[in-house]
Amino acid sequence: MIWNTNLRWRLPVTCLLLQVALVVLFGVFVRYDLDADPHWIGSQGDENTTSDMENEFYYRYPSFQDVHVMIFVGFGFLMTFLQRYGYSSVGFNFLLAAFGIQWALLMQGWFHSYKEGYIRLGVENLINADFCVGSVCVAFGAVLGKVSPVQLLIMTLFQVTLFSVNEFILLSLLEVKDAGGSMTIHTFGAYFGLTVTWILYRPSLHQSKERQSSVYHSDLFAMIGTLFLWMYWPSFNSAVSKHGDAQHRAAINTYCSLAACVLTSVALSSALHKKGKLDMVHIQNATLAGGVAVGTAAEMMLMPYGSLIVGFICGIVSTLGFVYLTPFLESQLRIQDTCGIHNLHGLPGIIGAIVGAVTASCASAKVYGIKGLASFFGFDGFKTSWDSSMQGKFQAAGLFVSLAIALVGGIIVGVILKLPFWGQPADENCFEDSVYWEMPEELKSTVLHPEDSTLKPAEP
Amino acid sequence: MIWNTNLRWRLPVTCLLLQVALVVLFGVFVRYDLDADPHWIGSQGDENTTSDMENEFYYRYPSFQDVHVMIFVGFGFLMTFLQRYGYSSVGFNFLLAAFGIQWALLMQGWFHSYKEGYIRLGVENLINADFCVGSVCVAFGAVLGKVSPVQLLIMTLFQVTLFSVNEFILLSLLEVKDAGGSMTIHTFGAYFGLTVTWILYRPSLHQSKERQSSVYHSDLFAMIGTLFLWMYWPSFNSAVSKHGDAQHRAAINTYCSLAACVLTSVALSSALHKKGKLDMVHIQNATLAGGVAVGTAAEMMLMPYGSLIVGFICGIVSTLGFVYLTPFLESQLRIQDTCGIHNLHGLPGIIGAIVGAVTASCASAKVYGIKGLASFFGFDGFKTSWDSSMQGKFQAAGLFVSLAIALVGGIIVGVILKLPFWGQPADENCFEDSVYWEMPEELKSTVLHPEDSTLKPAEP
Amino acid sequence: MIWNTNLRWRLPVTCLLLQVALVVLFGVFVRYDLDADPHWIGSQGDENTTSDMENEFYYRYPSFQDVHVMIFVGFGFLMTFLQRYGYSSVGFNFLLAAFGIQWALLMQGWFHSYKEGYIRLGVENLINADFCVGSVCVAFGAVLGKVSPVQLLIMTLFQVTLFSVNEFILLSLLEVKDAGGSMTIHTFGAYFGLTVTWILYRPSLHQSKERQSSVYHSDLFAMIGTLFLWMYWPSFNSAVSKHGDAQHRAAINTYCSLAACVLTSVALSSALHKKGKLDMVHIQNATLAGGVAVGTAAEMMLMPYGSLIVGFICGIVSTLGFVYLTPFLESQLRIQDTCGIHNLHGLPGIIGAIVGAVTASCASAKVYGIKGLASFFGFDGFKTSWDSSMQGKFQAAGLFVSLAIALVGGIIVGVILKLPFWGQPADENCFEDSVYWEMPEELKSTVLHPEDSTLKPAEP
């Protein structure tokens, strides 16, 4: 099918409308948190015992910057592995994330930071907005190469909204712990994206097959993304943990899980190749599964060896998924998952949720200390009557809620995106930058064979 | 015109002379700040209430590292978009910045950190030196591809000096606030660089036109630069703000402005292309204008929506600049601005200065608190008689001083650089690495057609 | 000689065995440090005077992340300069580092963090593990392109073990100061790697010569590595320094030394080329020598000008090494040093050890303050009878111990790696990704001429 891919008015109008709406909403609703307000000076109390260092900024900002790099460079470059979709991978990720963080500040703000008529903005909101957008970047991986930037903006609009609702249900209603977002970010993002791509199924996508692979240097660009995701994942999982030991522990656990995951990914990648050769796709993706799978439990007393075991398993599961599951999903279930997010975020996200539920169930005063247990799980608040096994059950419930909202939401959004006027590319022009980008001279003449039919407005 | 581009003696002698001079000057003038000196231990006072955390290092170092990445990777890779100038973009930026930070430590030290006969070095000096060099990197963008490394070292020597004088006038004499350097770094750097390139006008530059564009992978390298600049800009604008809420607020405002700027840049880029396609030049550059334009006001009570508005406007202005103004400047005013710094640093810098002046003028005790207002603007010091509107006027004065020094300084430095013995390339060899770099085998035979005439010493 | 390079069982079995062993050992030995344990809450003492900020995490985590980037992106991409070895450079570095950090946590833990039957893990252990692996990455540079991933894992296993023994002797028995690891990391890593490559000498390596050079974009990828190493080196040298002024000073000294090193590297690179052209190899490597050479003395009172002098000298020495020494080592001593680690880590490491010994010898109460001197060198502990000159002598002894262990260990490990069943490539297939990696379509047909003979199991 041929759609009109000339976005001259649709993309600018979408961007400008969204941005104007954001300006107005920010004007009405958003102010600074006390820690970012000049009144903070007077509010610190006795100046002899408090210090400027107590400002939340110093606890969170370095982690925030690491997370920020993961969203924009990590996810952006991870998807540049396609030979002729580098501009779009990095550029559209940039666009959707820049829009998404603003919308997330509002949505998450209304749910979590709304005080006296205003959303109060501080560094933790910035981190959470990046987290929320992380789930959109995950879903982007499923539809990569097959959607227009207008579709991506619309998907972001809806997904951020659904994410915030789901997150509110999990964190505030079910009192679930999920600091690194195994459920809220990865499971939700992956199954949302997979559902969308299932709805958007393209039967003739094989016409673009020759572009759905890498070239030598595109794989190296993708490794930039992989490594920044891998290195900064300890910051991701610890960024919004409680100050002190919990944040410290979350970083250590993530570091351990990721390290173990690399070895088992490499092992399986080699074992599954008939000549024992390694596959860049596995190295680029499966090595990260360990970070996803300790997202919920990282701040808990998972223990270093527990983290290694989680990483060990996920490297295996994820690599097996790339080799056997992705082709099966495409051929049997009509789910075309460009980046294999099911293997990197879907399965490891579910594993992470289960690991979190089990770890929470096993929590005891012996391990955490009486004070530590009450403080960590908030059992000293209105959850006084809870115990660890209750916490574990609610953790499990959180997983099912996330999956349900992802599936239902994905269907609705998928149907909306299927409408024919969003400028999506034809099947034979998928995974091709030149549809939406002005190309360098070298490529203008050679690459896009069917340019005319696509780029001229389709006959009415 | 043909110049001798063999730098065998000129470049080594320049580098070694400069470095020897720096060693001697550091030996005579530079010592550690108390916070970096072993005497710090005894100086903390009552050890029960103070902590190691109070060392300035912990307030500034993470921001410093982000700024450091912006200068070396951000600016360096941003300029690799040219198809055959990647070595020089990254390499010369590395060279000039490494020299510039040392000279800036001295120049800024004499003006701001001179105590008891010595310049006292701490982490804040390192940040300020990076800032100063940032303005040189901006100017480098205007002359990129058309100058030799010797010329760049000389330009850096003078520009750092002029920057420091200008900064001293603004910050110390006019008591201007400019934490993110809209005036001192961006406006000054841009108009200085534009003046230099205007003096160095090359009428036959069209002979190198085929190399003054990108190839596919060079644009992806450039996006590495863009993204690290974009992500770390909140650290840039907050790096030397006052501890606590001001630093926190500066980061939030910059984050907001940059996000908005991405959407309007994309909107305009698509709207201005006849087929609605995006242009990588705009995505690489205009998306950053929002960071420039909140440089002055970021730490003030600009409000999150105010930041969005600034970013909104700058994305539009900057993209329009790339499409209409840069060609106009080149054809009508003989200003050849390789990277379009006028659109990314010039105009947004001026907007930033104006936004800063207006925001300062509007400051009131209602918004900042009585204590906050006095403390933030320093009205409790010798500026007791000042009020916000006075501050606003001085802010505006700062802009004009910066422009004046940039223009006069640029003319002088441009004339010096026009001398014929600095090893500058011929018009037909601009934007070409092989003039100054040993090339890989693959390119030696193919790329440089007129190699002989350039690389052999010109006939006397 | 032809070896069987099909790793289908050898690599997976090696990875899985190592990882299972690590899981078991972590289970038996590794627990959280108090700062990462929920009991930390109760242990902080009087809560009026202590704060969450006092958790070690906040002193060390930002530096840890910078070091982490250096190991994985810095070293990984630095080695991508080879035209056809990018996958392996980044990928094998990723693999060996992920294994190495886990093994280092155990080895260093037994020596330094073993309390009440358990290794106690905190952020400082993570940094030290990265440091340890840094020395393996250095050694990897010597054998780059000539070994299989199985060999690398075995080398890592042994080198981490030897590193830890050497580090224990230096830091705990000889009471040497070496915060940035001039001796423990760089000298040890370099001479270990050089000894291994000397044992593994390949007389017919010239058959791969055409691949042992760069192409245009591979050099740009390598600059990503260079710049991240260069920018974050101040974090590297200060990461485990004492809180406060020592950490602050280490960062300043490293910053200064690195800046000076760039100018002299550029000067020599140009001066040593017959047409005055710069060589990317020098810019990528020699510019970093200044960081290596202040590794020991960075936290001492080296003074800013002292740091400049060290950087000045190392830029010259390192560049001279690349031009004259590396070819000499290869042709005369049969040491094939792929990345020239002798110039970047070997010689500068020795210079760093000497600078450290001299600086320690010169330490006086006048410079450090009485309290500062005792506290910095630990003269107030069991070293009460020591003075500065004694410290200096022990520093010098540390250098010789490091060299001795590197040489003896390198010989043993080299002999083990010389065994014929580790899957090493044939001489004509060195520096070639396709031996161990599934390649993109574009390269499958063209690159590897002698694929068959290598990839099929060798005839018995």
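What you see is a predicted model; the values in this text were computed from it and never measured.

Colleague: Which residues make up the relation of the copies chain B and chain A, and what values go with them?
Modeller: Each copy of the sequence occupies a distinct position, and chain B is placed on chain A by a rotation of 120° and an axial shift of 0.0 Å, giving an RMSD of 0.0 Å. Read as a symmetry element, the transformation amounts to a three-fold axis. When the interface residues of chain B are mapped onto chain A, a mere 11% of them again fall at the interface, so the copies present different faces.

Colleague: Give me unusual backbone geometry: which residues, what numbers.
Modeller: Phi angles above zero are rare outside glycine, and Glu175(C) is one such case at about 55°. Topologically, Glu175(C) is positioned in the loop between helix H6 (149–173) and helix H7 (182–199).

Colleague: Account for the nonpolar core, with residues named and values stated.
Modeller: Core analysis: the biggest nonpolar cluster contains 480 residues, and Phe228(A), Phe228(B) and Phe228(C) have the highest contact counts within it. Residues contacting Phe228(A), with those up to four places away along its chain left out, are Val69(A), Met70(A), Val73(A), Phe228(B), Val69(C), Val73(C) and Phe228(C).

Colleague: So what's going on with the pattern of salt bridges? Residues and values would help.
Modeller: Enumeration over the complete set of coordinates arrives at 21 salt bridges over all chains. In this structure, Arg202(A) and Asp427(A) form a salt bridge, with 2.6 Å as the shortest nitrogen-oxygen distance. Taken together, the positions of Arg202(A) in the loop between helix H7 (182–199) and helix H8 (216–238) and Asp427(A) in the loop between helix H16 (388–418) and helix H17 (441–444) put the pair 225 residues apart, joining distant regions of the chain. For the pair formed by Arg202(A) and Asp427(A), the shared burial category is buried. Arg211(C) is paired through a salt bridge with Glu432(C); the nearest N and O atoms lie 3.1 Å apart.

Colleague: Got a sec to walk through the interface of chain B and chain A? Specific residues and values, please.
Modeller: Of the residues lining the interface, 72 residues belong to chain B; the matching set on chain A comes to 82 residues. Taken over both partners, the interface formed by chain B and chain A buries close to 6,500 Å², and the fraction arising from carbon and sulfur atoms is 73%. Of all residues in chain B, Tyr216(B), Tyr255(B) and Leu263(B) bury the most surface against chain A, accounting for 14% of the area lost on that side. At the boundary of chain B with chain A, the tally comes to 27 residue pairs in polar contact (both at pLDDT 80 or more). No other element matches the 18 residues that helix H9 (residues 245–271) of chain B contributes to the side of chain B that touches chain A.

Colleague: Outline the relation of the copies chain B and chain C, supporting the account with residue identities and numerical values.
Modeller: Under the fitted operation, chain B is carried onto chain C by 0.0 Å of movement along the axis and a turn of 120°, and the coordinates agree to an RMSD of 0.0 Å. Take the interface residues of chain B: only 10% of them recur as interface residues in chain C, which is what a contact between different surfaces looks like.

Colleague: Could you give me a rundown of empty space enclosed by the protein, with the residues and numbers involved?
Modeller: All told, the structure shown has 5 cavities of 30 Å³ or more when counted by the stated rule. Approximately 220 Å³ is the volume found for the largest cavity. Each residue belonging to the lining of the largest cavity can be placed in one class, and the counts come to 18 nonpolar, 4 polar and no charged. Of the pockets and cavities examined, the second largest cavity occupies roughly 150 Å³. If you go around the second largest cavity, you meet 14 residues; those closest to its centre are Pro62(A), Asp66(A), Asp66(B), Pro62(C) and Asp66(C). Considering only residue class, the lining of the second largest cavity consists of 8 nonpolar, 3 polar and 3 charged.

Colleague: Tell me about the side chain of Thr287(A), and name the residues and values.
Modeller: Residue position: Thr287(A) is located in the loop between helix H10 (280–285) and helix H11 (289–293). The class of Thr287(A) is buried, set by a relative accessible area of 0%. A distance of 2.7 Å separates a polar side-chain atom of Thr287(A) from the backbone oxygen of Ile283(A). In contact with Thr287(A), not counting residues within four places along its chain, are Thr226(A), Trp230(A), Leu258(A), Cys261(A), Val262(A), Ser265(A), His282(A) and Phe94(C).

Colleague: How would you explain the side chain of Ser135(B) if you had to name every residue and give the values?
Modeller: Residues and elements named next belong to chain B. With respect to the helices and strands, the residue Ser-135 is situated in helix H5 (residues 123–143). From its side chain, Ser-135 meets the backbone oxygen of Cys-132 in a polar contact 3.0 Å long. Dropping the residues within four chain positions of it, Ser-135 is found in contact with Gln-159, Phe-163, Thr-184, Ile-185, Phe-188 and Gly-189.

Colleague: Before we move on, can you summarise the sheet that holds strand E3 (residues 118–121) of chain A with the specific residues and values?
Modeller: Hydrogen bonds between backbone groups are what pair the strands of a sheet, and the pairing can be parallel or antiparallel. Residues and elements named next belong to chain A. Pairing in this open sheet of 3 strands is mixed, and the strands run E1-E3-E2 from one edge to the other. Every other strand in the sheet has two partners, leaving strand E1 (30–32) and strand E2 (114–115) as the edge strands with one partner each. Across 3 bridges, E1 lies against E3 in parallel orientation. Residue Val-30 lies in a different strand from E3, and its bridge partner there is Ile-119.

Colleague: How would you explain the pairing of E3(A) if you had to name every residue and give the values?
Modeller: Residue and element names in this part refer to chain A. Side chains Ile-119 and Leu-121 project from E3 onto a buried face, and the interleaved Tyr-118 and Arg-120 project onto a face without burial. Pairing of E2 with E3 involves 2 bridges; the strand directions are antiparallel. Looking at the pairing, Tyr-114 lines up with Ile-119 of E3. Here E2 folds back onto E3, and the loop between the two strands holds 2 residues, one of which, Glu-116, carries a positive phi near 50°.

Colleague: So, the interface of chain B and chain C: which residues are in play, and what are the values?
Modeller: In many analyses, interface size is given as the accessible surface area lost on bringing the parts together. The interface of chain B with chain C comprises 82 residues on the first partner and 72 residues on the second. Counting the surface lost from both chain B and chain C, the interface buries some 6,500 Å², and carbon and sulfur atoms represent 73% of this. Linking chain B to chain C there are 0 salt bridges. Summed over the shared surface of chain B and chain C, the result is 25 residue pairs in polar contact (both at pLDDT 80 or more). Ranked by residue count, the leading element in the side of chain B that touches chain C is helix H3 (residues 56–78) of chain B, at 12 residues. Its residues assigned to classes, the side of chain B that touches chain C shows 52 nonpolar, 17 polar and 13 charged.

Colleague: Before we move on, could you go through the packing of aromatic side chains and cite the residues and values that matter?
Modeller: All told, the structure shown has 87 aromatic pairs over all chains when counted by the stated rule. Here Phe421(A) and Trp422(A) contribute two aromatic rings whose centre-to-centre distance is 4.8 Å and whose plane-to-plane angle is 65°, an arrangement assigned as edge-to-face. Judged by its relative accessible area of 43%, Phe421(A) falls in the partly exposed class. Taken together, Phe57(A), Tyr58(A), Tyr61(A), Phe64(A), Tyr59(B) and Tyr255(B) form an aromatic cluster joined through their ring pairs. Above the face of the Phe376(B) ring, Arg249(B) is positioned so that its terminal group lies 5.7 Å from the ring centre.

Colleague: I'd like a rundown of the environment of His217(A), residues and numbers included.
Modeller: The topology assignment puts His217(A) in helix H8. According to the relative accessible area criterion, His217(A) is buried, its value standing at 14%. On a C-alpha basis, the gap between His217(A) and Val292(A) in space is 27 Å, while along the polypeptide they are 75 residues apart. The residues touching His217(A), leaving out its near neighbours within four places in the chain, are His217(B), His217(C), Ser218(C) and Phe221(C).

Colleague: Outline the confidence of the model for chain A, listing residues and values.
Modeller: Residues and elements named next belong to chain A. On average, residues of chain A carry a pLDDT of 92, and 94% of them reach 70 or more. Taken together, the stretch residues 449–460 has pLDDT below 50 and engages in 19 contacts with residues farther than four places along the chain or on a different chain. Among the scores for the predicted complex, ipTM is 0.94 and pTM is 0.95.

Colleague: Lay out helix H5 (residues 123–143) of chain A in plain terms, naming residues and giving numbers.
Modeller: All names here are of chain A. Helix length check: H5 (21 residues) gives 31 Å between terminal C-alpha atoms against 30 Å at 1.5 Å per residue, within 8%. Buried residues dominate H5, accounting for 20 of its 21 residues. Count one or two residues on from H5 and you reach Gly-145, which has phi positive near 90°.

Colleague: Provide a residue-level description of the sheet that holds strand E2 (residues 114–115) of chain B, including the pertinent values.
Modeller: All names here are of chain B. The strand order across the open sheet formed by 3 strands is E1-E3-E2, and the pairing between neighbours is mixed. Both outer strands of the open sheet, strand E1 (30–32) and E2, are each paired with one neighbouring strand and no more. Packing of helix H1 (residues 10–29) onto the sheet brings it into contact with E1, E2 and strand E3 (118–121), and relative to E1 it is tilted by some 55°.

Here is what the cut-offs are and how they apply
Residues numbered from 1 in each chain as written. Chains lettered and ligands numbered in written order. Predicted model: local features only at pLDDT ≥ 70, side-chain atom pairs only at ≥ 80, totals over all residues. Heavy atoms only, no water. Least-squares fit on C-alpha atoms with pLDDT ≥ 70 in both. Contact = heavy atoms within 4.5 Å. Helix = DSSP H or I, 4+ residues; strand = E, 2+ residues; numbered from the N terminus. Core = buried A, V, L, I, M, F, W, Y, C linked by side-chain atoms within 4.5 Å. Buried < 20%, exposed > 50% of the residue type's maximum accessible area, 1.4 Å probe, protein only. Salt bridge = Lys/Arg side-chain N within 4 Å of Asp/Glu carboxyl O. Buried area = accessible area lost by both parts, 1.4 Å probe. Polar contact = N/O pair within 3.5 Å; in protein donor to acceptor, adjacent residues only side chain to side chain. 1 Å grid on protein atoms, 1.4 Å probe; cavity = no way out; pocket = protein on both sides within 12 Å on 5 of 7 lines; lining within 4 Å. Points joined across faces, edges and corners; volume = space filled by probe spheres on them. Nonpolar A, V, L, I, M, F, W, Y, C, P; charged D, E, K, R; others polar. Pairing = 2+ DSSP bridges. Phe/Tyr/Trp six-rings, centres within 6.5 Å; stacked < 30°, edge-to-face > 60°. Lys NZ or Arg CZ within 6 Å of the ring centre and 35° of its normal. pLDDT = per-residue confidence, 0-100. Expected span 1.5 Å × (residues − 1). Axes fitted to C-alpha atoms, helices over the stretch in contact; angles between N-to-C directions.

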